[in-house]
Amino acid sequence: ANETVADLLISGKIRSAVIFGGLLILSATGVISFVHDFLLVQPARGITAGFEANAEEYQLIVQSVSLRIEEIRAQGHLSSYNHFLDPMESSVEFAVFASSAANIALHVINIYLILSRPLVMVLLCVLFILLGVIPFVERDRRLRNLAMATGTAAWVFMIAMPLAVIISGNLTGIYTGALRYSTELRLEGFLEESSSLLQEAVDSEEMRREMILLVKGHHNYIWFASASWIFDTVVLPVLFSWIIYRAG
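The structure contained in this document is the topic of the report that follows.

### Re the overall build of the protein chain
- Per the secondary structure count, the protein chain includes seven helices and zero strands.
- The C-alpha extent of the protein chain, read off along each of the three principal axes, is 105 × 30 × 25 Å.
- Evaluated residue by residue, the protein chain yields a buried proportion of 39% over its 248 residues.
- Taking the intrachain contacts of the protein chain between residues at least 6 apart in sequence as the baseline, contacts between residues at least 24 apart amount to 86%.
- Carbon and sulfur atoms make up 66% of the accessible area of the protein chain, which totals about 13,600 Å².
- Taking the average place of the 16 positive charges on the side chains of the protein chain and the average place of its 23 negative ones, the gap between the two points comes to 17 Å.

What follows is the structure in structure tokens.
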């Protein structure tokens with residue numbers, strides 16, 4: 001009976017070693033990393049490319065608005081109304097910062113995604129070697145801890161970050177994308193309406209009303225739309241990466 005139990009244990013260990021050996025071959029030949037790249041990395045890269053294009057467009061229109069505000073302030077006949085521009089100018093300054101921060105975050109994410117394919121291949125190879133050896137050295141706790149750390153790193157690079165980017169990209173179409181689009185339309189309207197205001201050279205009560213209507217409510221849209229860039233490119237990816245990491 002003891003020999004039968006021992007035989008079963010040995011056959012189970014050999015079976016595990018064979019399974020992990022097969023997975024090692026799939027990892028070393030790039031099969032797993034190719035599937036990972038196709039299913040997760042490429043969709044994530046597509047989302048970051050869309051984010052980058054939209055962030056660049058947003059940054060350009062915000063910079064145009066910033067220059068227009070400077071032009072209005074430079075007009076002598078509008079100097080008495082410059083205080084109306086203060087809230088909008090503050091929000092535009094934040095918008096420049098937020099869009100720049102979003103671009104930096106997107107570059108970091110792209111580097112992470114580019115490195116994930118070779119890193120996943122290496123990490124999985126090391127992981128399956130360790131898992132194939134562990135059944136024969138069950139009491140080696142250091143080897144088990146190393147396998148756990150390697151598996152965790154592989155999970156983060158392979159699943160957590162790409163999937164977090166994909167989830168963030170899909171969520172942005174529901175709420176923040178519409179907010180940023182609406183803000184861009186308002187800023188384009190501001191640029192069009194302010195150009196006619198600059199052509200007027202007479203200080204009047206009508207001009208005062210035009211100035212109030214020109215800037216009314218814009219700063220709130222700019223604040224929220226600009227904050228959404230940081231939320232979508234920094235907060236959400238980090239949050240979902242942590243959640244997926246904990247789930248793994």
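### A look at the packing of aromatic side chains
- For the coordinates displayed, the defined rule picks out six aromatic pairs.
- Ring geometry for Phe51 versus Trp229: centroids 6.2 Å apart, planes at 70 degrees, classification edge-to-face. Of this pair, Phe51 sits in helix α2 (residues 31-74) while Trp229 sits in helix α7 (residues 218-247), and the two are 178 residues apart along the sequence. Accessibility classification places Phe51 together with Trp229 in one group, the buried group.
- With centroids separated by 6.4 Å and ring planes inclined at 70 degrees, the aromatic side chains of Tyr175 and Phe231 adopt a geometry described as edge-to-face.

### Digging into a negative patch on the surface
- A cluster of like negative charges, contributed by Glu56, Glu57, Glu188, Glu192 and Glu193, occupies part of the molecular surface.
- If you list the elements that add at least two residues to the negative patch, you get α2 and α5 (176-199).
- Here the element with the most residues in the negative patch is α5; it accounts for three residues.
- Relative to the elements of secondary structure, Glu56 occurs in helix α2.

### Focus on the packing of α2 against α5
- One way to put it is that α2 packs onto α5 with a least axis distance of 10 Å and a crossing angle of 25 degrees. Taken together, the axes of α2 and α5 lie roughly parallel to each other. Of the two possible hands of crossing, α2 and α5 adopt the one that is left-handed. The residues of α5 that touch α2, namely those facing Phe51, Asn54, Glu57, Tyr58, Ile61, Val62, Ser64, Val65, Arg68, Ile69, Glu71 and Ile72, are Arg180, Thr183, Glu184, Leu187, Glu188, Phe190, Leu191, Ser194, Ser195 and Leu198.
- Of the residues assigned to the contact of α2 with α5, the class counts are 11 nonpolar, five polar and six charged.

### Description of the layout of surface pockets
- Space inside the largest pocket adds up to approximately 190 Å³.
- Forming the boundary of the largest pocket are Ile47, Gly50, Phe51, Asn54, Glu57, Thr172, Gly173, Gly177, Arg180, Tyr181, Glu184 and Trp229.
- Breaking the lining of the largest pocket down by element, the ones donating at least two residues are α2 and α5.
- Among the elements that line the lining of the largest pocket, the one with the most residues is α2, at five residues.
- Split by residue class, the lining of the largest pocket holds four nonpolar, five polar and three charged.

### Things to note about the nonpolar core
- Core analysis: the biggest nonpolar cluster contains 51 residues, and Val65, Met88, Leu124, Phe190 and Met211 have the highest contact counts within it.
- The leading source of residues in this core is α2, at 13 residues.

Reading the values: rules and limits
Residues numbered from 1 in each chain as written. Predicted model: local features only at pLDDT ≥ 70, side-chain atom pairs only at ≥ 80, totals over all residues. Heavy atoms only, no water. Helix = DSSP H or I, 4+ residues; strand = E, 2+ residues; numbered from the N terminus. Buried < 20%, exposed > 50% of the residue type's maximum accessible area, 1.4 Å probe, protein only. Contact = heavy atoms within 4.5 Å. Areas by Shrake-Rupley, 256 points an atom, 1.4 Å probe, with all protein chains shown as cover. Lys, Arg positive; Asp, Glu negative; His and termini not counted. Charge placed at Lys NZ, Arg CZ, Asp CG, Glu CD. Phe/Tyr/Trp six-rings, centres within 6.5 Å; stacked < 30°, edge-to-face > 60°. Patch = residues over 30% accessible without salt bridge, like charges linked within 9 Å, V, L, I, M, F, W, Y side chains within 5 Å. Salt bridge = Lys/Arg side-chain N within 4 Å of Asp/Glu carboxyl O. Axes fitted to C-alpha atoms, helices over the stretch in contact; angles between N-to-C directions. Parallel < 35°, antiparallel > 145°, perpendicular 65-115°, else oblique. Left-handed = near helix turned anticlockwise from the far one by under 90°. Nonpolar A, V, L, I, M, F, W, Y, C, P; charged D, E, K, R; others polar. 1 Å grid on protein atoms, 1.4 Å probe; cavity = no way out; pocket = protein on both sides within 12 Å on 5 of 7 lines; lining within 4 Å. Points joined across faces, edges and corners; volume = space filled by probe spheres on them. Core = buried A, V, L, I, M, F, W, Y, C linked by side-chain atoms within 4.5 Å.

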